[in-house]
Amino acid sequence: MTRATIAEALGTGFLLYVIVGSGIAAENLASDPGAQLFTHAIAVGLGLAALIAMFQPVSGSHFNPAVTLAFWRTRSIDGTTAASYAVAQIVGAFLGVVAAHLSFGENLVAISSTDRGGYGPTFSEATATFVLVLLILGLVQTHRTGAVPAAVGAWVACVVFATVSTGFANPAVTIARIFTDTYTGIGPASAPAFLAAQIAAGLAAAVVAPVLFVPSQPQPTNA
């Protein structure tokens with residue numbers, strides 16, 4: 001495994017540790033559903049921003065097969081790298097769920113019973129993922145990578161609270177959350193529609209981004 005692949009596995013694993021762990025904590029500490037969701041959203045957004053900042057110099061901090069697919073589609077990475085990233089992300093995400101369960105004394109693996117089916121959640125996933133991938137590609141193509149951690153963390157916190165699906169926006173996250181029957185779980189029957197929406201939205205963003213965002217050019221200096 002390369003350093004970049006290890007970084008993708010670790011980053012995605014820690015992200016799921018935060019997602020599942022903050023969901024369990026929010027449910028245990030607050031009785032109001034709004035307070036639960038708000039605190040969960042803030043924790044996920046801040047955690048993601050920190051993880052992106054840490055691993056960005058190593059792998060680019062994709063942590064998301066939809067993002068990786070978009071970078072492959074725009075020819076920023078090759079197919080072998082994209083495939084290794086995606087596998088690392090999915091494996092890391094699953095291990096992150098297990099680690100969160102271990103921390104809170106839950107069964108290490110439990111299939112979710114939470115139904116998240118329907119047109120509304122699926123459309124929410126498409127929208128959340130499209131903007132997420134477009135945001136990342138736009139910042140990268142205009143040479144503003146320093147803004148990625150805060151911007152992505154902010155958008156993810158927003159969609160966790162603002163969408164009926166609670167903003168998964170990530171195929172690795174979706175697959176991993178099948179294996180937690182806690183606050184953040186998703187039933188196996190609901191997952192395929194989420195996955196299809198996320199992948200399609202990521203590819204759509206990869207088509208739109210080069211049209212919208214022209215790479216910035218260095219400004220000439222006067223001699």
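The structure we're discussing is the one just above.
My aim in this report is to walk through the structure given alongside it, one point at a time. (Residues numbered from 1 in each chain as written. Predicted model: local features only at pLDDT ≥ 70, side-chain atom pairs only at ≥ 80, totals over all residues. Heavy atoms only, no water.)

1. Details of the overall build of the protein chain
As a reminder of what qualifies: Strands here are runs of E lasting at least two residues and helices are runs of H or I lasting at least four, both read from the DSSP assignment and numbered beginning at the N terminus. Values of the radius of gyration come from C-alpha atoms, whereas the globule rule sets the reference at 2.2 Å times the count of residues to the power 0.38. Classification of residues uses two cut-offs on accessible area relative to the type maximum, computed with a 1.4 Å probe and protein chains only: under 20% is buried, over 50% is exposed, and between them is partly exposed.
Along the protein chain, the regular secondary structure elements total 8 helices and 0 strands. Written out in order from the N terminus, the α and β elements of the protein chain read α-α-α-α-α-α-α-α. In summary, the protein chain has a C-alpha radius of gyration of 17 Å against a globular reference of 17 Å for 223 residues, a match within 12%. On the principal axes, the C-alpha backbone points of the protein chain span a range of 65 × 35 × 30 Å. Counting the 223 residues in the protein chain, one finds 48% classified as buried.

2. Remarks on the side chain of S61
How we decide: Pairing of N or O atoms within 3.5 Å defines a polar contact, subject to two protein rules: one partner must be a possible hydrogen donor and the other a possible acceptor, and residues neighboring in sequence count only if both atoms are side-chain atoms.
For S61, the position within the fold is in the loop between α2 (33-59) and α3 (65-73). Among the polar contacts made by the side chain of S61, one reaches the main-chain amide nitrogen of Q56 at a distance of 2.8 Å.

3. Regarding the nonpolar core
Counted only if it meets this: Think of a nonpolar core as a cluster: buried Ala, Val, Leu, Ile, Met, Phe, Trp, Tyr and Cys residues, connected wherever their side-chain atoms sit within 4.5 Å. What makes two residues a contact is simply this: any of their non-hydrogen atoms within 4.5 Å.
With 47 residues, the main nonpolar core has L16, L48, V133, L137, V152 and V156 as its most contacted residues. Counting only elements with at least two residues in this core, the list comes to α1 (3-29), α2, α3, α4 (79-104), α5 (119-141), α6 (148-162), α7 (171-177) and α8 (191-212). If we ignore the near neighbours within four places in the chain, the residues touching V152 are L48, I52, L132, L135 and I136.

4. Observations regarding the packing of α5 against α6
Each pair of packed helices gets described by two things: the angle between the helix axes and the distance between those axes. Stated precisely, the cut-off is as follows: Fitting a line to C-alpha atoms yields each axis, with helices limited to the stretch in contact; the angle taken between N-to-C directions then spans 0 to 180 degrees. Any angle that is under 35 degrees is reported as roughly parallel, and any over 145 degrees as roughly antiparallel; angles of 65 to 115 degrees are reported as roughly perpendicular and all others as oblique.
Axis separation between α5 and α6 bottoms out at 10 Å; the angle between their running directions is 170°. The orientation of α5 with respect to α6, classified from their angle, is roughly antiparallel. In contact with A128, V131, L132, L135, I136 and L139 of α5, α6 contributes V148, A151, V152, W155, V156 and V159.

5. Thoughts on the packing of α3 against α5
Stated precisely, the cut-off is as follows: Take the far helix as the reference: if the near one is turned anticlockwise from it by less than a right angle, the crossing is left-handed, and if turned clockwise, right-handed. Only Asp, Glu, Lys and Arg are considered charged in this grouping, and only Ala, Val, Leu, Ile, Met, Phe, Trp, Tyr, Cys and Pro are considered nonpolar; every other residue, Gly among them, is considered polar.
As a packed pair, α3 and α5 sit with axes 10 Å apart at the nearest point and diverge in direction by 50°. Compared by their axis directions, α3 and α5 come out oblique. With respect to the hand of their crossing, α3 and α5 are arranged in right-handed fashion. In this structure, α3 uses A66, V67, A70 and F71 to contact α5, whose residues at the interface are T129, V133, I136, L137 and V140. In the contact of α3 with α5, the residues fall into 8 nonpolar, 1 polar and no charged.

6. Structural notes on the packing of aromatic side chains
Under the convention used in this document: Note on aromatic pairs: the rings of Phe, Tyr and Trp (six-membered ring only in Trp) are paired at centre separations within 6.5 Å, and the planes decide the class, stacked below 30 degrees, edge-to-face beyond 60, tilted for the rest. Geometrically, a lysine NZ or arginine CZ counts as sitting over a ring once it is within 6 Å of the ring centre and also within 35 degrees of the ring normal.
Tallied over the full model, the rule gives 4 aromatic pairs. Both rings, one in F55 and one in F63, keep their centres 6.2 Å apart while their planes meet at 90°; by these two values the pair is edge-to-face. One residue, R177, lies across the ring of F168, its end atom 3.5 Å from the ring centre.

7. A word on α2
Let me state the cut-off plainly: Working rule for helices: expected span equals 1.5 Å times residues minus one. At every residue, the bend is computed as the angle between two fitted axes, covering the seven residues ending there and the seven beginning there respectively.
Between the first and last C-alpha of α2 there are 36 Å, a value that for 27 residues agrees with the 39 Å anticipated at 1.5 Å per step. A maximum bend of about 35° is found in α2 at A53, where proline P57 lies one to four positions downstream. Put simply, D32 is the residue that caps the front of α2, since its side-chain oxygen is 3.1 Å from the backbone nitrogen of G34.

8. Structural notes on α4
Taking 1.5 Å per residue, 26 residues should reach 38 Å; α4 reaches 38 Å between its end C-alpha atoms and fits that length. Those residues of α4 lying buried are A82, Y85, A88, Q89, G92, A93, G96, V97, V98, A100 and H101. Structurally, α4 contributes buried residues whose contacts are with α1, α2, α3 and α7. At the N-terminal boundary of α4, the capping side chain belongs to D78, with an oxygen 3.2 Å from the backbone nitrogen of T80. One or two steps after α4, the chain reaches G105, where phi turns positive at roughly 75°.

9. Points about the environment of T142
Within the secondary structure layout, T142 lies in the loop between α5 and α6. Sequence separation of T142 and V214 is 72 residues, and the distance between their C-alpha atoms is 6.7 Å. Among the polar contacts listed, one links the side chain of T142 to the side chain of R144, at a separation of 2.9 Å.

10. So, the side chain of H62
Note that H62 resides in the loop between α2 and α3. On the basis of relative accessibility, which here comes to 9%, the residue H62 falls in the buried class. Excluding its chain neighbours within four sequence positions, the residues that come into contact with H62 are E8, V67, T68, F71, I77, Y85 and Q89.

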